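Architecture at a glance
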Amino acid sequence: MIIVVANSKGGVGKSTLAVHLAAWLHEQGHRVTLADCDTQHSSSDWLREAMPEVKAVRLANPDQILDELPQIDREADYVVADGPGSNTETSRALLLRAQLALVPCKASMLEVRALRQATAVLRQAHEIRRGVPRAVIVLSMVGKTYRLTQDMKDAAQKLHLPLAKTALTLKQIYADAPGQGRVVWQLGARGREATREVQSLFKELLPDARKGRPSVKPAPQEKPTKTTAA
Ligand SMILES: Nc1ncnc2c1ncn2[C@@H]1O[C@H](COP(=O)(O)OP(=O)(O)O)[C@@H](O)[C@H]1O
Ligand SMILES: [Mg+2]
């Protein structure tokens, strides 16, 4: 399954979402490849530091995406593709290959209004592929006092795009994580709240992902149980 994190605006939380999703799916026991399709390579560098056992590849251009993504998909359970902030052709190639598109969007009316433009390529893909990829808006960097106003719900509804129930809130820990080469659940108590929200978002978006093959790594606290002979 190819999941693309797409929004043609930069700085909306795409790489943050892509790295955490790839790391989480890996920890659920799946074979995961992160396809870093942004020329800045920030997500592949980050994931290599945080979780070097997860495969990360860089796809430099739309042709490479269209040609190589199917093979990468065959060799993995999940491919998480981190899209670029601006290159329309790259986004188009990704959206023509993906089964699921996650669209992070900052929680402000201005950003939600800009979504029509930011998702124009998604609509083209939907027309060509008859509704595929399934797409979900994920609100990101939501402030403490934020309320999901009716205006925002209406704006999302006009685009025929569902909003994920779980939103990602604005937290310093997300901004600190890449510098430390960690994902939020590797940052101890400081990351606890962020961990809870990213994990509940992923369970909401991919309810079946937890039921995959058994985890490749034994759970850390698991100790052999002593068998008391009867
Ligand atoms: N929920 C959040 N709270 C605080 N800062 C965030 C959050 N999500 C992302 N950031 C920070 O915002 C900036 C843009 O995020 P990033 O994931 O790189 O977006 P994109 O890939 O869309 O450009 C980065 O500095 C990142 O660390
Ligand atoms: Mg990015």
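Residues numbered from 1 in each chain as written. Chains lettered and ligands numbered in written order. Predicted model: local features only at pLDDT ≥ 70, side-chain atom pairs only at ≥ 80, totals over all residues. Heavy atoms only, no water.

Turning to the site of ligand 1, a few remarks are in order. In the region of ligand 1, 13 residues are neighbours, and G11, S15, T16, T169 and K171 sit closest. Contact between ligand 1 and G11: an oxygen atom at 2.7 Å from a main-chain N or O atom of the residue. V12 has a polar backbone atom sitting 3.1 Å from an oxygen atom of ligand 1. In the complex, the protein chains occlude 75% of the 560 Å² of accessible area that ligand 1 would expose alone. Of all the secondary-structure elements, those providing two or more residues to the shell around ligand 1 are α1 (14–27) and α8 (172–180). Looking at the shell around ligand 1 element by element, the count peaks at three residues for α1. A per-class count over the shell around ligand 1 returns five nonpolar, six polar and two charged. (Near = heavy atom within 4 Å. Polar contact = N/O pair within 3.5 Å; in protein donor to acceptor, adjacent residues only side chain to side chain. Areas by Shrake-Rupley, 256 points an atom, 1.4 Å probe, with all protein chains shown as cover. Helix = DSSP H or I, 4+ residues; strand = E, 2+ residues; numbered from the N terminus. Nonpolar A, V, L, I, M, F, W, Y, C, P; charged D, E, K, R; others polar.)

What follows deals with the environment of G179. Here G179 lies in helix α8. Measuring from C-alpha to C-alpha, the distance between G179 and E49 comes to 9.9 Å, with 130 residues separating the pair along the chain.

Counted according to the given criterion, the structure contains seven salt bridges. Two residues, E111 and K9, come together in a salt bridge whose shortest N-O distance is 3.3 Å. Placement of the pair is E111 in helix α5 (residues 109–118) and K9 in the loop between β1 (2–5) and α1, with a sequence separation of 102 residues. You can call E111 buried: its relative accessible area is 17%. For K55, the salt bridge identified is with E75, shortest N-O distance 3.9 Å. Residue K55 is found in strand β3 (residues 55–58), and its partner E75 is found in the loop between α3 (62–74) and β4 (78–82); the two are separated by 20 residues along the sequence. (Salt bridge = Lys/Arg side-chain N within 4 Å of Asp/Glu carboxyl O. Buried < 20%, exposed > 50% of the residue type's maximum accessible area, 1.4 Å probe, protein only.)

Relative orientation of the contacting elements helix α4 (residues 88–97) and helix α6 (residues 120–128) amounts to 35 degrees, with a least axis distance of 9 Å. In this structure, α4 meets α6 at a crossing whose hand is right-handed. Each of T88, S91, R92, L95 and L96 in α4 lies in contact with α6, whose residues at this interface are V121, L122, Q124, A125 and I128. Split into classes, the residues belonging to the contact of α4 with α6 amount to six nonpolar, three polar and one charged. (Axes fitted to C-alpha atoms, helices over the stretch in contact; angles between N-to-C directions. Left-handed = near helix turned anticlockwise from the far one by under 90°. Contact = heavy atoms within 4.5 Å.)

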